[in-house]
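Chain by chain, the residues run as shown.
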Amino acid sequence: QGDSEMPEFNSWKEMFIDGLKVIVTTVLYYLIPALFVFVGVVSLYMGKNFMGLMFILIGIVFFIPALMLYFMAISNMANYRKLSAAFNINEIFERIKTIGYGRFFVWWLATMVVSVVFAACGKMVDMSSSVVGFFMVPLLFESFIALFQARSGGLIYNESLKTNENTDEELNV
């Protein structure tokens, strides 16, 4: 909602339900691509190399748009506070269209690059010291990545709301 402050941790029941909504959304958005990758890995293990590689490739191709839509789906769900809003594909595409497809893609790519860089740094810390890495990577690196992605997604989603409000105001003038 554009606030720079972290929310208070005082509504445990609501936060638990919101967490379950995010888990359900994540599973449903990634289910089909993950199944393709899983079938591909099993096929590779069984010695069917070409078929396995094809399934993995198809899974990766499906993962990219699923991941892109997922960020807007989570933001849409947070905005409306309803699980069904995460699957309102028409509105999600309208938000992306309002942001601009090129600008949205650049935002998504930049978010992924930053996330991968921090994940790689976390992996290096984890590999260098198993005890320190065991505690430090989830607490610092993984939580930073999750917060960064959520904040970044929320900010670009808010831009789509503001753009729609400005357009509505211009039409009334």
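Refer to the structure printed above.
Model, not experiment: these values are computed from the prediction.

(A) Region of interest: the environment of Trp 107. Among the secondary structure elements, Trp 107 is positioned in helix α4 (residues 101-128). Residue class for Trp 107 comes out buried when judged on its relative accessible area of 11%. It is 29 Å that separates the C-alpha atoms of Trp 107 and Ile 17, two residues lying 90 residues apart in sequence. Beyond its immediate chain neighbours, meaning those up to four positions away, Trp 107 contacts Phe 71, Ser 152, Gly 153 and Ile 156.

(B) Layout of the nonpolar core. With 21 residues, the main nonpolar core has Tyr 29, Met 72, Ile 92, Ile 96, Phe 104, Trp 107 and Trp 108 as its most contacted residues. Those elements that provide at least two residues to this core are α1 (12-45), α2 (49-80), α3 (89-99), α4 and α5 (130-172). Considering every element that reaches this core, the biggest residue donor is α2, with 8 residues. The residues contacting Ile 92, other than those within four sequence positions of it, are Tyr 29, Leu 69, Met 72, Ala 73, Asn 76, Ala 85 and Ala 86.

(C) Fine view of the packing of α3 against α4. Here α3 crosses α4 at 95°, and the two axes come no closer than 6 Å. Judged by the angle between their axes, α3 and α4 are roughly perpendicular. On α4, the residues touching Phe 93, Ile 96, Lys 97 and Ile 99 of α3 are Tyr 101, Arg 103 and Phe 104. Residues belonging to the contact of α3 with α4 are distributed by class as follows: 5 nonpolar, no polar and 2 charged.

(D) Structural detail: the pattern of salt bridges. Within this structure, the stated rule accounts for 6 salt bridges. Asp 18 is the partner of Lys 21 in a salt bridge, and the nearest nitrogen-oxygen pair spans 3.9 Å. One end of the pair is Lys 21 and the other is Asp 18, both in helix α1 and 3 residues apart, which spans about a single turn. With relative accessibility at 18%, the residue Lys 21 sits in the buried group. Note on Asp 18: relative accessible area 26%, which makes it partly exposed. The salt bridge partner of Asp 126 is Lys 123, with a shortest N-O separation of 3.8 Å. In this pair, Asp 126 and Lys 123 both sit in helix α4, 3 residues apart, roughly one turn of the helix. According to the relative accessible area criterion, Asp 126 is partly exposed, its value standing at 28%. What makes Lys 123 partly exposed here is its relative accessible area of 47%. A single network of salt bridges, built from pairs that share partners, joins Glu 14, Asp 18, Lys 21 and Arg 81.

Here is what the cut-offs are and how they apply
- Residues numbered from 1 in each chain as written.
- Predicted model: local features only at pLDDT ≥ 70, side-chain atom pairs only at ≥ 80, totals over all residues.
- Heavy atoms only, no water.
- Helix = DSSP H or I, 4+ residues; strand = E, 2+ residues; numbered from the N terminus.
- Buried < 20%, exposed > 50% of the residue type's maximum accessible area, 1.4 Å probe, protein only.
- Contact = heavy atoms within 4.5 Å.
- Core = buried A, V, L, I, M, F, W, Y, C linked by side-chain atoms within 4.5 Å.
- Axes fitted to C-alpha atoms, helices over the stretch in contact; angles between N-to-C directions.
- Parallel < 35°, antiparallel > 145°, perpendicular 65-115°, else oblique.
- Nonpolar A, V, L, I, M, F, W, Y, C, P; charged D, E, K, R; others polar.
- Salt bridge = Lys/Arg side-chain N within 4 Å of Asp/Glu carboxyl O.

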